[in-house]
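Here are the chains, one letter per residue:
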Amino acid sequence: MLSSIVTAINDIAVKRFHWTMDNDTFKIYKTPLIQKTPTTIHFDQIQFKCNLFFEPIIKITTLKTLPVSNGNVSNSFQFTLNSDQRQLLSKSSQIDGHPIYQIRFFCSKLDHSLNNLLVEFPPVCEIRLNGNTISAATLRVLKNKPGTVNPPDITIMTRKKDTNRVELVHGSISQSYIAGIFIVKRTPIQAIINEIKKRRISKESILKELQERQENEQDIALQSQTLLMKCPLAFSRIKIPIRSIHCHHLQCFDANTFLLMNEQRPTWTCPVCNIKIESYNHLILDGYFMEILKNTPKHIESVNVEPNGHIVIVDEHPSLSENQEDTDNDEQEEKDAPAIVELSDDDDNLSIPSSPKSTQQQPASATVDLISSDEEDG
């Protein structure tokens, strides 16, 4: 009788638990939760999320599912390039001279949604192609952040006329994946920058916003803020200042550096405030920051922005001209070098030469008036 009750409970109970009876004692066991793969997969509906830098256009292998497994599994793919595909791969961009088309290996967790799949590989895996190996370190996403790894570029490892055999070897996985190889069309970074430059916010717009903020907060003592002329990503001088339209700060970062880093590891977060940048269409060229760069000597690392938009440049080295930085630095090092005193047995009265009087100039400050400037933004 009791065994019949246990059987009935197991039939209707939540599948995460399993009931048994042992010597008139009920026991409950937790059942491992394994996510099921959709029973029917329409491979023609599967789409990987487009990357800003490349878009899959031609599928050159069949898509394969990587089912749940408890041990190491090898999944084989093979392809041979036809003449049209070889011709595509031989084309170079007129913008940067690099190939327009590449061959990349895509993989993603297989979820209920088959659209905009984020690139993600099994935690422990490697790709083998024609005697070459792509290690797991190259295929690993940032923790709990699918899509923060690129599908690896295998173009250079590919045989252009012979059959290519590819293996994806992975360890135990508790969820199914799907993988395949595509020819992608690449977008050069400079082409993306050219598009961002079309979305320029003018110096006048930013000054108007600063002045309105000052008027609306008259009861609050607004303080000046410091803007760095160096990009927070590469610590080199900003050349093309950009930021997100959703950022509330004036600090910008360099467009080329930001895009280059996201081409290698797509995180798409603002390096200043860490806000998520959902689309590159949210990136704008800052005309106000551009004007500051134009009016600031290259050896200046930061400026102070007054609440009304005036720029105060504090020059720690007022005598340092742009074309004499290296020479002046060498001379300063010689001046700062400690005096060397040679001791001998004949020195009854030792005299140490006194240090020369400091001739260092005090930091000079200059105010740059960007408010009344009639110059056109460059």
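Above: the structure in question.
Residues numbered from 1 in each chain as written. Predicted model: local features only at pLDDT ≥ 70, side-chain atom pairs only at ≥ 80, totals over all residues. Heavy atoms only, no water.

Peer 1: Whenever I open this one, the pattern of salt bridges confuses me. Can you help?
Peer 2: Throughout the structure, instances matching the rule amount to eight salt bridges. Glu120 is paired through a salt bridge with Lys109; the nearest N and O atoms lie 3.7 Å apart. On the criterion of sequence distance, the pair formed by Glu120 in the loop between β6 (101-109) and β7 (125-129) and Lys109 in strand β6 is long-range, its members being 11 residues apart. By relative accessible area, Lys109 is classed as partly exposed at 29%. A salt bridge links Lys198 to Glu195; the shortest N-O distance between them is 3.1 Å. Assessed through its relative accessible area of 63%, Lys198 is described here as exposed. The class for Glu195 is partly exposed, based on a relative accessible area of 32%. (Salt bridge = Lys/Arg side-chain N within 4 Å of Asp/Glu carboxyl O. Helix = DSSP H or I, 4+ residues; strand = E, 2+ residues; numbered from the N terminus. Buried < 20%, exposed > 50% of the residue type's maximum accessible area, 1.4 Å probe, protein only.)

Peer 1: I'm lost on the packing of aromatic side chains in this one. Help?
Peer 2: Counted under the stated rule, the structure contains eight aromatic pairs. With centroids separated by 5.1 Å and ring planes inclined at 50°, the aromatic side chains of Phe48 and Phe106 adopt a geometry described as tilted. Of this pair, Phe48 sits in the loop between β2 (25-30) and β3 (54-59) while Phe106 sits in strand β6, and the two are 58 residues apart along the sequence. Using a relative accessible area of 1% as the deciding quantity, one classes Phe106 as buried. Summarising the aromatic geometry, the rings of Phe77 and Phe105 are spaced 5.4 Å apart at their centres and angled 85° between planes, so their arrangement reads as edge-to-face. Linking Phe77 in strand β5 (residues 73-79) with Phe105 in strand β6, this pair joins segments that are 28 residues apart in sequence. Phe105 shares its class with Phe77; the two are buried. Joined through ring pairs, the aromatic side chains of Phe53, Phe253, Phe258 and Trp268 make up one cluster. The residue whose ring lies beneath Arg104 is Phe54, and the NZ or CZ to ring-centre distance is 4.1 Å. (Phe/Tyr/Trp six-rings, centres within 6.5 Å; stacked < 30°, edge-to-face > 60°. Lys NZ or Arg CZ within 6 Å of the ring centre and 35° of its normal.)

Peer 1: Looking at this structure, I do not really get the sheet that holds strand β15 (residues 283-286). What am I missing?
Peer 2: Adjacent strands of a sheet pair through backbone hydrogen bonds, lying either parallel or antiparallel. Strand order in the open sheet made by the four strands is β11-β15-β13-β14, with mixed pairing throughout. With one partner strand each, in any of the chains shown, β11 (200-201) and β14 (253-254) form the two edges of the open sheet. Strand direction decides the pairing type here: strand β13 (residues 241-244) and β14, joined by two bridges, are antiparallel. Of the residues in β14, the one forming a bridge with Pro241 is Asp254. Lying on the sheet, helix α7 (residues 287-294) is in contact with β11, β13 and β15; it crosses β15 at an angle near 40°. (Pairing = 2+ DSSP bridges. Contact = heavy atoms within 4.5 Å. Axes fitted to C-alpha atoms, helices over the stretch in contact; angles between N-to-C directions.)

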